[in-house]
Amino acid sequence: MKETEEIMGMIKEEGAAYFARERGNKVEVGLYLEHIIEERGMKKKDIVRKLNLEESYARKLFGGQRIPTRKILLQCAFLLSLNLSDTQRLLDIGQKPRLYPRVRYDAAIIYGLEEKMTLEEMNSFLDEIGEDCPCHSTYTRPDGRQRSRPAPHRPASCTRHTGRCSSRH
């Protein structure tokens, strides 16, 4: 297994090519996020706080033991002010589906990225157009009705508190 210093050196030297070459390695998405955070002059703990992630989950995410969900990657994209191309790259590295403009939710995310929206603005926009913000998901109850439920990480940036959402966060 490679030492962290060695991996960080390869990331700095090779840039995005490193991640394309190392596809399939669980560590890559956490390291890539760390690389972007460092490149943007931000702190990992600030991103973790803004995403309202539990510290143990964040440690596993950045340590390569957990692969983040697509929604967490999209939230990171907005917090890090990534453009569409960099967001697609982040999704590729995280082994998640790319944004596809024929899917209404994805088209809204693409619009938000192009308009350089903040995460809070994106969540509000999604709520306005009737799409779930990235911190909510739906499930089907045994009686067949659709229900909204907050994701376990409940980002502090979520401004949604309509009748469809029972959480107050």
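(A) Local environment of the packing of aromatic side chains. Counting across every chain of the model gives 1 aromatic pair. Arranged with centres 5.2 Å apart and planes meeting at 40 degrees, the rings of Y111 and F125 form a pair that is tilted. In this pair, Y111 is assigned in helix α8 (residues 104–114) and F125 in helix α9 (residues 119–128), connecting sequence segments 14 residues apart. Residue class for Y111 comes out partly exposed when judged on its relative accessible area of 39%. The ring of F62 has K44 lying over it, and the distance from NZ or CZ to the ring centre is 5.0 Å.

(B) Just empty space enclosed by the protein, in detail. Summed over the entire model, instances satisfying the criterion amount to 1 cavity of 30 Å³ or more. The space that makes up the largest cavity amounts to roughly 40 Å³. Counting residues per element, the lining of the largest cavity draws most heavily on helix α4 (residues 44–51), at 3 residues. Taken together, the residues of the lining of the largest cavity break down into 9 nonpolar, no polar and no charged.

(C) Geometry of the pattern of salt bridges. Overall, the coordinates contain 7 salt bridges when judged by the stated rule. Between E34 and K44 there is a salt bridge; the shortest N-O distance is 3.0 Å. Of the two residues, E34 is situated in helix α3 (residues 27–39) and K44 in helix α4; the sequence distance between them amounts to 10 residues. Under the relative-accessibility criterion, K44 is labelled partly exposed at 36%.

(D) Summary view of the nonpolar core. Within the largest apolar cluster, 35 residues are counted, with the highest numbers of intra-cluster contacts made by L33, L80 and I109. For this core, the secondary structure elements donating two or more residues are α3, α4, α5 (55–62), α6 (70–79), α7 (84–93), α8 and α9. When residues no more than four places from it in sequence are discounted, the contact partners of L80 are L33, I36, I37, R40, M42 and I47.

(E) Molecular detail of α6. In terms of residue burial, α6 counts as a mostly covered element, since 9 of its 10 residues are buried. Regarding α6, the residues found buried are R70, I72, L73, L74, Q75, C76, A77, F78 and L79. Downstream of α6 by a residue or two, S81 has a phi angle that is positive, lying close to 55 degrees.

(F) The packing of α8 against α9, seen in detail. Where α8 contacts α9, the two axes come as close as 10 Å, and the packing angle between them is 140 degrees. Judged by the twist between their axes, the crossing of α8 over α9 is right-handed. The residues of α9 that touch α8, namely those facing Y105, A108, I109, Y111 and G112, are M122, F125 and L126. Here the contact of α8 with α9 is composed, by residue class, of 7 nonpolar, 1 polar and no charged.

(G) Looking closely at the side chain of D106. With respect to the helices and strands, D106 occurs in helix α8. Classification of D106 as buried rests on a relative accessible area of 5%. At a separation of 2.9 Å, a polar atom in the side chain of D106 contacts the side chain of R70. What D106 contacts, discounting residues up to four positions off in sequence, is R70, R98, L99 and Y100.

Conventions we followed
Residues numbered from 1 in each chain as written. Predicted model: local features only at pLDDT ≥ 70, side-chain atom pairs only at ≥ 80, totals over all residues. Heavy atoms only, no water. Phe/Tyr/Trp six-rings, centres within 6.5 Å; stacked < 30°, edge-to-face > 60°. Helix = DSSP H or I, 4+ residues; strand = E, 2+ residues; numbered from the N terminus. Buried < 20%, exposed > 50% of the residue type's maximum accessible area, 1.4 Å probe, protein only. Lys NZ or Arg CZ within 6 Å of the ring centre and 35° of its normal. 1 Å grid on protein atoms, 1.4 Å probe; cavity = no way out; pocket = protein on both sides within 12 Å on 5 of 7 lines; lining within 4 Å. Points joined across faces, edges and corners; volume = space filled by probe spheres on them. Nonpolar A, V, L, I, M, F, W, Y, C, P; charged D, E, K, R; others polar. Salt bridge = Lys/Arg side-chain N within 4 Å of Asp/Glu carboxyl O. Core = buried A, V, L, I, M, F, W, Y, C linked by side-chain atoms within 4.5 Å. Contact = heavy atoms within 4.5 Å. Axes fitted to C-alpha atoms, helices over the stretch in contact; angles between N-to-C directions. Left-handed = near helix turned anticlockwise from the far one by under 90°. Polar contact = N/O pair within 3.5 Å; in protein donor to acceptor, adjacent residues only side chain to side chain.

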